[in-house]
Amino acid sequence: MIFGVEKSMPILISKTGETINHQMQKLAKEFIVDLAMLPTVKPLALVPQHCVKPFSSTVAAKLGTSRCEIVENLLIALPIRDGSGFTVDNVMKFSREALQHSSGDVRNVAENIITALYKDYSKQVRKYLPPDTETARKKLKYRKLFQMFDEIDGKPSPEAEKQKKQEKEKKKDEQIKSLQKELNLLQEQSLQVAEMTRTASRSRIPTRLSYSAQRRTSMPKLEVLEKTCVFCGEFREGFTDAGLDVHYWKRCPLLMRCTHCKQSLTEIANATALCVTVTSMTRKTTHGRNMPSTNARKTVAATRNSIYSIDS
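Each value, and the rule that gives it
Residue numbering note: each chain is counted from 1, following its sequence as written. Side-chain atom pairs in this predicted model are given and counted only at pLDDT of 80 or more, local residue features only at pLDDT of at least 70, and totals for whole chains, interfaces and linings cover all residues. Only hydrogens and water are removed before side-chain values are computed, so all heavy atoms of the structure are retained for them. Helix and strand labels come from DSSP, where a helix needs a run of H or I of at least four residues and a strand needs a run of E of at least two; each type is numbered from the N terminus. Think of it in three bands: residues with accessible area under 20% of the maximum for their type are buried, residues over 50% are exposed, and the middle band is partly exposed, with areas taken using a 1.4 Å probe on protein chains only. Throughout, a contact is declared for two residues whenever any of their heavy atoms are within 4.5 Å. Expected span, for any helix, means 1.5 Å times one less than how many residues it has. Here a polar contact is taken to be a pair of N or O atoms separated by no more than 3.5 Å, where protein atoms must pair a possible hydrogen donor with a possible acceptor and residues adjacent in sequence count only if both atoms sit in side chains. As used in this record, nonpolar core signifies buried Ala, Val, Leu, Ile, Met, Phe, Trp, Tyr and Cys residues forming a set joined through side-chain atoms within 4.5 Å. For every element, the axis is a line fit to its C-alpha atoms; helices are fit only across the contacting stretch, and the angle between N-to-C directions ranges from 0 to 180 degrees. Angle categories are assigned with fixed cut-offs, so that under 35 degrees is roughly parallel, over 145 is roughly antiparallel, 65 to 115 is roughly perpendicular, and the rest are oblique. Two helices crossing with the near one rotated counterclockwise from the far one by less than a right angle form a left-handed crossing, whereas a clockwise rotation gives a right-handed crossing. Asp, Glu, Lys and Arg are counted as charged, while Ala, Val, Leu, Ile, Met, Phe, Trp, Tyr, Cys and Pro are counted as nonpolar; the rest, among them Gly, fall into the polar class. Side-chain rings of Phe, Tyr and Trp (the six-membered ring for Trp) are treated as a pair once their centres are within 6.5 Å; stacked means planes under 30 degrees apart, edge-to-face means over 60, and tilted covers the remaining angles. Counted as salt bridges are all cases of a side-chain nitrogen of Lys or Arg within 4 Å of a carboxyl oxygen of Asp or Glu.

J.: Residue-level account of the overall build of the chain, with values.
T.: Along its length, the chain carries 14 helices and 2 strands. Each of the 312 residues in the chain was classed as buried or not, and the buried ones make up 29%. Taking as baseline every contact in the chain between residues at least 6 positions apart, the subset at least 24 positions apart corresponds to 51%.

J.: So what about helix H9 (residues 140–153)? Which residues, and what values?
T.: With 14 residues, H9 extends 20 Å from end C-alpha to end C-alpha; this agrees with the ideal 20 Å at 1.5 Å per step. Looking at the residues trailing H9, positive phi occurs at glycine 154, about 80°.

J.: I'd like a rundown of helix H6 (residues 104–118), residues and numbers included.
T.: Taking 1.5 Å as the rise per residue, H6 with 15 residues should run 21 Å; its terminal C-alpha atoms sit 21 Å apart, in good agreement. When H6 is considered as a whole, its buried residues turn out to be Val106, Val109, Ala110, Glu111, Ile113, Ile114, Thr115, Leu117 and Tyr118. In this structure, the buried side of H6 is in contact with helix H4 (61–77), helix H5 (88–98), helix H7 (122–126) and H9. Capping the start of H6, serine 103 holds a side-chain oxygen 3.4 Å from the backbone nitrogen of aspartate 105, two or three residues further along.

J.: Run through the nonpolar core, naming residues and quoting values.
T.: Membership of the largest hydrophobic core comes to 44 residues, with the highest contact counts inside it found for Met9, Val47, Phe86 and Leu129. Every element with two or more residues in this core is listed here: helix H1 (2–15), helix H2 (22–37), helix H3 (46–51), H4, H5, H6 and H9. At 7 residues, the largest contribution of residues to this core is made by H6. Once you skip the residues sitting within four places of it in the chain, valine 47 turns out to touch Val5, Met9, Ile32, Leu35, Ala36, Val41 and Leu74. Grouped together as the second largest cluster of nonpolar side chains are 7 residues, Cys229, Phe239, Leu244 and Tyr248 included.

J.: Got a sec to walk through the side chain of histidine 101? Specific residues and values, please.
T.: Its place among the elements puts histidine 101 in the loop between H5 and H6. Taking relative accessible area as the criterion, histidine 101 reaches 3% and is therefore assigned buried. Leaving out residues up to four positions away in the same chain, histidine 101 has contacts with Phe55, Ser56, Ser57, Val59, Ala60, Ala61, Val106 and Arg107.

J.: Would you mind going over the packing of H4 against H6 in detail, with residue names and values included?
T.: The N-to-C vectors of H4 and H6 enclose an angle of 15°; their axes lie 8 Å apart at closest approach. When the interaxial angle is binned, H4 and H6 end up roughly parallel. Considering how the two elements wind past one another, H4 and H6 form a crossing that is left-handed. From H4, Ala61, Gly64, Thr65, Cys68, Glu69, Val71, Glu72 and Leu75 reach across to H6, where they touch Asp105, Val106, Val109, Asn112 and Ile113. Among the residues making up the contact of H4 with H6, the classes are represented as 7 nonpolar, 3 polar and 3 charged.

J.: Residues and numbers for the environment of threonine 133, please.
T.: If you trace the backbone, threonine 133 turns up in the loop between H7 and helix H8 (134–137). Residues threonine 133 and arginine 143 lie 10 residues apart in sequence; the distance between their C-alpha atoms is 9.6 Å.

J.: I'd love a proper account of the packing of aromatic side chains, names of residues and values included.
T.: If you walk through the whole model with that rule in mind, you get 5 aromatic pairs. With a centroid separation of 6.4 Å and an interplanar angle of 25°, the aromatic rings of tyrosine 142 and phenylalanine 146 are classed as stacked. Separated by 4 residues within a single helix, tyrosine 142 and phenylalanine 146 lie in helix H9, roughly one turn from each other. With a relative accessible area of 11%, tyrosine 142 lands in the buried category. Look at phenylalanine 146 and phenylalanine 149: their rings are 6.1 Å apart centre to centre, the planes differ by 65°, and that puts the pair in the edge-to-face class. Note that phenylalanine 146 and phenylalanine 149 are positioned in helix H9 at a spacing of 3 residues, about one turn of the helix. Comparing phenylalanine 146 with phenylalanine 149, the two get one shared label, buried. Grouped by ring-pair contacts, the aromatic residues Tyr118, Tyr142, Phe146 and Phe149 constitute a single cluster.

J.: Can you lay out the side chain of threonine 16 for me, pointing to particular residues and giving the numbers?
T.: Its place among the elements puts threonine 16 in the loop between H1 and H2. One polar contact links the side chain of threonine 16 to the main-chain carbonyl oxygen of isoleucine 13, over a distance of 2.4 Å. If we skip the residues at most four places from it in the chain, threonine 16 touches Gln25, Ala28, Lys29, Ile32, Lys62, Leu63, Ser66 and Ile70.

J.: Could you give an account of the pattern of salt bridges, with specific residues and numbers?
T.: One pass over the full model with this rule turns up 7 salt bridges. Here glutamate 18 makes a salt bridge to lysine 15, at a shortest N to O gap of 4.0 Å. On the basis of relative accessibility, which here comes to 23%, the residue glutamate 18 falls in the partly exposed class. Within the structure, one salt-bridge network assembled from shared partners comprises Asp132, Arg137 and Asp150.

Have a look at this one:
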C-alpha cells in the first residue's frame, strides 16, 4: 500500500496541472482527496506529506493553483492534529513559497490557506511572516494578509485608522469653518449696529442746533442780545440777569476768577495784565468785584443793537 501511494502521488500531482484536458485535471484533484480519506491510507498520512512539499516559483500557474487548492481542501477534511500529516510548520512553509509565485491565482489560494490557519494558530503563523511594519505593508501580498489578520483580531487596520483620522480632521475643519463663518457674521452685525448708533447720534445734533437757530431768528433782536453772553457769544433762552450771572461765574469759557483775591471775575485774555497791575499796587488797595454789572451789560447790548441797526 505504501509503495503504491509513493509511486502514484507524483503522477497524480502532475496531472492536476493539465492545461488541455480539464476533465483529467479535475478527476486527478478529486482522486487525491479521496485517496487521502481511505481508511487504509489515512493513518499513513502519506498523501498530505506529498501535497505540502514546497514548489518553486517557476512552476506553471495551473499546477501551482491546483496544488494549493488540494491542500486547502485536505485541511478542511484533515485538520491539523497528531497523525493527520499536516502541521503548522509544513503547511506554512508550503504557503510561504506559494506566496512568492508570480501568478495571482496561486497567491490568492495561498492567502486563503494562511488565513484559515491564523484563526487557530495566530502566534505560530506570524513567525513565518515578516514583521507587521509599514515597509512590509507596502508589498501587496503582505498588506492583504495583515489586513485579514486585523479583521480576525477585531482591530482596525492602519489604513482604516488613517482614514478615520482623516475623516475626524475633515470634520474638525468643517466645524472651524462653520464657527469662523458665524464669528464673521457677528462681527458684521456688530459693525452695522455701531454704524447705526453713530448715524443716530450725529442726526440728533443738527436737530437741536436747528431748533435753537429757529428760536433765535424768531425772537426780537433786542431780546436776543439780552440773552447772549457778551464775552463768549453763547445764546440761551434762560439767560436772564440771574442766569447770566451764573453763566459768568461757572460756565463762560472766556472768564476766570481772579487768582489774587478769588472774589472777582476777569477775562482770561487780560488775566496776565491784571496780575501785573495788582502786584504793583499797594497792599492797602482793596479790590472791588470785577463782575460786569447789569448796567454795563445793558450798555453793551444797546451798543450792539445800534451797530446791528446800522448794518441792516
